[in-house]
Amino acid sequence: MVNYIKESYNELRNHVTWTPLSEAQRLTVVVAVFSVVLALAVWGVDTVFSKVISQYFEWIKS
């Protein structure tokens, strides 16, 4: 187990190429903006469907 941890640490330290901080920050902003846009789109569709279904049940009730 100790050997596995040492080899994993060595792999991460010496063989992995890390994204530069500026690019990671830019991509984080892109993901955050996309998440907000998607959440707003889902909220909008949910609101419209909710109103349509509500109107439908009012229509069949009367």
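So, here is what we can say about the structure in this document. What you are looking at is a predicted structure, and each value in this text was computed from that prediction instead of being measured. For every chain, the first residue of its written sequence is number 1, and the numbers climb from 1 along that sequence. Reporting in this predicted model follows two pLDDT cut-offs: at least 70 for local features of residues, and 80 or more for side-chain atom pairs to be given and counted; totals over whole chains, interfaces and linings ignore these cut-offs and use all residues. Computation of side-chain values: all heavy atoms of the structure, hydrogens and water removed.

## A few points about the overall build of the protein chain
And then number 1: The secondary structure content of the protein chain amounts to two helices and zero strands.
And then number 2: Only the C-alpha atoms count toward the radius of gyration. The rule for a globule is 2.2 Å times the residue count to the power 0.38. Over its C-alpha atoms the protein chain spans a radius of gyration of 25 Å, topping by over 25% the 11 Å that the globule rule assigns to 62 residues.
And then number 3: Reported as C-alpha extents along the three principal axes, the dimensions of the protein chain are approximately 75 × 35 × 10 Å.
And then number 4: Exposure classes here rest on a 1.4 Å probe applied to the protein chains alone. A residue is buried below 20% of its type maximum, exposed above 50%, and partly exposed in between. In the protein chain, which comprises 62 residues, the share counted as buried stands at 0%.
And then number 5: Shrake-Rupley sampling with a 1.4 Å probe provides the accessible areas, and residues are treated as covered by the protein chains on show and by no other component. Element-wise, carbon and sulfur atoms account for 68% of the exposed surface of the protein chain, whose accessible area totals about 6200 Å².
And then number 6: We score Asp and Glu as negative and Lys and Arg as positive, and we do not count His or the chain ends. All charge positions are set by atom: Lys at NZ, Arg at CZ, Asp at CG, Glu at CD. Between the averaged position of the 5 positive side-chain charges in the protein chain and that of its 5 negative side-chain charges there is a distance of 6 Å. Secondary structure counts use DSSP, requiring at least four H or I residues in a row for a helix and at least two E residues in a row for a strand, with both numbered from the N terminus.

## A short note on helix H1 (residues 2-14)
And then number 1: Taking 1.5 Å of rise per residue, 13 residues should cover 18 Å, and H1 covers 18 Å from first to last C-alpha, within 8% of that figure.
And then number 2: In terms of residue burial, H1 counts as a barely covered element, since only zero of its 13 residues are buried. Expected helix span is taken as 1.5 Å per residue step, with the number of steps being one fewer than the number of residues.

## Notes on the environment of threonine 47
And then number 1: Note on placement: threonine 47 falls in helix H2 (residues 21-61).
And then number 2: Counted as a polar contact is a pair of N or O atoms within 3.5 Å, where, for protein atoms, one must be capable of donating a hydrogen and the other of accepting one, and residues adjacent in sequence contribute only when both atoms are in side chains. At 2.8 Å, the side chain of threonine 47 and the backbone oxygen of tryptophan 43 are in polar contact.

## Notes on the packing of aromatic side chains
And then number 1: Aromatic pairs are defined between Phe, Tyr and Trp rings, using the six-membered ring for Trp, whenever the two ring centres lie within 6.5 Å; interplanar angles under 30 degrees are classed as stacked, those over 60 as edge-to-face, and all others as tilted. Under the criterion given, the structure shown has two aromatic pairs.
And then number 2: The interplanar angle of 40 degrees and the centroid separation of 6.2 Å between the aromatic rings of tyrosine 56 and tryptophan 59 together place this pair among those described as tilted. One end of the pair is tyrosine 56 and the other is tryptophan 59, both in helix H2 and three residues apart, which spans about a single turn.
And then number 3: One aromatic cluster is present, built from ring pairs that chain together Tyr56, Phe57 and Trp59.

## Considering a nonpolar patch on the surface
And then number 1: Here, patches come from residues exposed beyond 30% relative accessible area and free of salt bridges, joined within 9 Å for like charges and within 5 Å for nonpolar side chains (Val, Leu, Ile, Met, Phe, Trp, Tyr). Salt bridge, as used here: a side-chain nitrogen of Lys or Arg that lies within 4 Å of a carboxyl oxygen of Asp or Glu. A contiguous nonpolar surface patch, about 970 Å² in accessible area, is contributed by Val45, Val48, Phe49, Val52, Ile53, Tyr56, Phe57, Trp59 and Ile60.
And then number 2: By the element assignment, valine 48 lies in helix H2.

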